[in-house]
Amino acid sequence: MSVTKRIQSVDFLRGLTIMLMILVNTPGDWSYVYTPLLHAEWNGLTLADFVFPFFLFIVGISISFVYKHKKGDRVIYKKIVKRSIKLVALGLLINVFLPYFPFIETESVRLPGVLQRIGIVFCVASILYLNCTRKQLISIAAIILIGYWVWLTYIPLPDGATPILERGPNNWANYLDYLLLKGHIWKPDYDPEGILSTIPAIVTTITGIVVGEILVSATKRKLGVLTIMGTCFILIGYLWSIFFPINKVLWSSSFVLVTSGYATLFLVLFHYFMDYKERDFGSLVKYVGANAIIIYFSSMILAKSFYLIKIDSQTSVHQFLFETFFVYPSIGKPLSSFFYALIVVGFYTLLAYFLYKKKIFIKV
């Protein structure tokens, strides 16, 4: 395979991740979510927990492709910062948006979010990549993961309390979110895209950068190298989880390694069939990946509108659509909720197909 060719497996994995992201975020009824699409309550790992780290992993791969032969000068840094600001702004827009007058909510609005984290992590990881060798990047990643573990586990809080890894005020991540973002976070005391947990999320992107470099290198048996790398990530991550549990909310070091390991192995699998064997499949999925950010942004804005716009005093557009077209006595509500989410994914897949055929690519 020529390294100058577009790598289909990366486009496929990006599109698949966005589709899963929409599937997880738009159930018919949040009280009856199809079990595999629920996030782990605290510690643990479910299908839903893989989605966001997979996307950050792909962001890292993209960074390694785009900036491989670039030098870190003022022009490049300006572009990186500008793109990061756009991502953060889109994320904040999702949080403040109202589908009716005054169209913006500012009181107690959530500040963190998925696109905000993507923007921050993209900026930091890109600058690191432009200024560090591969060995230096790996060293930085290791220092962050070990330092994060030490911070959350062993460093006493300002009041002298012993830190804990459970939910509560004595958890460092929760403590900082409450202290610095009080009233502007997802839960009263923490946020899954909070301040401190964004630091190890940078490592998820660094793993993608390293994998991306190997993927386009002339290294012999690079798929074998990546398979070993991914397997090692998973094994080390699960061993580490004995001391530092796998936890998406905290974005624990074990969570980073395990999810990056699985992302690497899935990429190897897709790369083998799509790029090495040149099997052409999954075009619709790749179309979603071609406009990934705008598809995700649109899905969040429209979903929020459907929840907030009322048909009558009690029934939202979302509730009306779900209960009218998807709820039947013959099937349980969790399955109905899943079918609703599938239809939503289908709608955005068709939108992505339309944009692709019209050669409309909205870049952020």
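Residue numbers restart at each chain and count upward from 1, following the sequence in its written direction. For this predicted model, a pLDDT threshold of at least 70 governs which residues receive local features, and a threshold of 80 or more governs which side-chain atom pairs are given and counted, while totals over whole chains, interfaces and linings are taken from all residues. As a rule here, side-chain values cover all heavy atoms of the structure and leave hydrogens and water aside.

Remarks on the overall build of the protein
Definition in use: Every helix listed is a DSSP run of H or I at least four residues long, and every strand listed is a run of E at least two residues long, numbered separately from the N terminus. This radius of gyration counts C-alpha atoms alone. The globule rule is 2.2 Å times how many residues there are, raised to the power 0.38. Using a 1.4 Å probe on the protein chains alone, a residue whose accessible area is under 20% of its type maximum counts as buried, one over 50% counts as exposed, and one in between counts as partly exposed. In these tables, accessible area is a Shrake-Rupley quantity obtained with a 1.4 Å probe, and a residue counts as shielded only by the protein chains included in the view. His is not counted here, nor are the chain ends, while Lys and Arg score as positive and Asp and Glu score as negative. Think of each charge as sitting on NZ of Lys, CZ of Arg, CG of Asp or CD of Glu.
The helix and strand inventory of the protein stands at 13 helices and 0 strands. Reading the helices (α) and strands (β) of the protein from amino to carboxyl end gives α-α-α-α-α-α-α-α-α-α-α-α-α. On C-alpha atoms alone, the protein measures out to a radius of gyration of 21 Å, which is about the 21 Å that the 2.2 N^0.38 rule sets for 364 residues. Of all 364 residues assigned to the protein, the portion counted as buried reaches 51%. About 18,000 Å² of surface is accessible on the protein, with carbon and sulfur atoms providing 67% of the total. A distance of 15 Å separates the average location of the 33 positive side-chain charges in the protein from that of its 19 negative side-chain charges.

Describing the environment of Trp30
Where we set the bar: Between two residues, a contact is recorded if the distance between any of their heavy atoms is within 4.5 Å. Identification of polar contacts relies on pairs of N or O atoms within 3.5 Å, with a donor-acceptor requirement for protein atoms, meaning one able to donate a hydrogen and the other able to accept it, and with residues adjacent in sequence counted only if both atoms are side-chain atoms.
In this structure, Trp30 sits in the loop between α1 (8–25) and α2 (47–66). In this structure Trp30 comes out as partly exposed when scored by relative accessible area, which is 49%. With 307 residues separating them in the primary sequence, Trp30 and Ser337 have C-alpha atoms 8.1 Å apart. Beyond its immediate stretch of four places on either side in the chain, Trp30 contacts Val24, Asn25 and Tyr307. Engagement of the side chain of Trp30 in a polar contact is seen with the side chain of Tyr307, the distance being 3.0 Å.

Here's the deal with the side chain of Glu193
Among the structural elements, Glu193 can be located in the loop between α6 (172–181) and α7 (198–215). The buried category is assigned to Glu193, whose relative accessible area is 9%. Engagement of the side chain of Glu193 in a polar contact is seen with the side chain of Arg110, the distance being 2.6 Å. In this structure Glu193 touches Phe52, Arg110, Pro112, Gly113, Val114, Arg117, Thr198 and Lys248, once residues within four positions along its chain are discounted.

So, the packing of α1 against helix α11 (residues 292–308)
Selection criterion: Think of each axis as a best-fit line through the C-alpha atoms, taken over the contacting stretch in the case of a helix, with angles from 0 to 180 degrees between the N-to-C directions. An angle counts as roughly parallel when it lies under 35 degrees, as roughly antiparallel when it exceeds 145, as roughly perpendicular when it falls between 65 and 115, and as oblique in every other case. Throughout, the ten residues Ala, Val, Leu, Ile, Met, Phe, Trp, Tyr, Cys and Pro are labelled nonpolar, Asp, Glu, Lys and Arg are labelled charged, and all others, Gly among them, are labelled polar.
Where α1 meets α11, the closest approach of the two axes is 10 Å, and the angle between their N-to-C directions is 5°. In terms of their interaxial angle, α1 and α11 are classed as roughly parallel. In this structure, α1 uses Arg14, Ile18, Met21, Ile22 and Asn25 to contact α11, whose residues at the interface are Ala292, Ile295, Tyr296, Ser299 and Met300. Looking at side-chain class alone, the contact of α1 with α11 contains 7 nonpolar, 2 polar and 1 charged residues.

Things to note about the nonpolar core
For clarity, the cut-off: Residues enter a nonpolar core if they are buried and are Ala, Val, Leu, Ile, Met, Phe, Trp, Tyr or Cys, with the set joined through side-chain atoms within 4.5 Å.
Among the nonpolar cores identified, the biggest contains 107 residues, and Ile18, Leu115, Ile118 and Ile295 are the most heavily contacted of them. Counting residues per element, this core draws most heavily on α2, which supplies 12 residues. What Ile118 contacts, discounting residues up to four positions off in sequence, is Phe52, Phe55, Leu56, Val59 and Leu87.

Concerning helix α8 (residues 222–240)
To keep it simple, the criterion reads: To estimate how far a helix should reach, multiply one less than its number of residues by 1.5 Å. Working definition: the arc comes from the directions between the helix axis and the C-beta atoms, pointing outward to the latter.
Across its 19 residues, α8 extends 26 Å between first and last C-alpha, which sits within 8% of the 27 Å expected from 1.5 Å per residue. Within α8, the full set of buried residues consists of Lys222, Leu223, Leu226, Met229, Gly230, Phe233, Ile234, Gly237 and Trp240. What you see down the axis of α8 is that its buried residues fit within an arc of 140°, all on one side. Residues Ile228, Leu235 and Leu239 are exposed on α8 and point more than 90 degrees away from its buried face. Considering only its buried residues, α8 is in contact with α5 (134–154), α7 and α9 (253–276).

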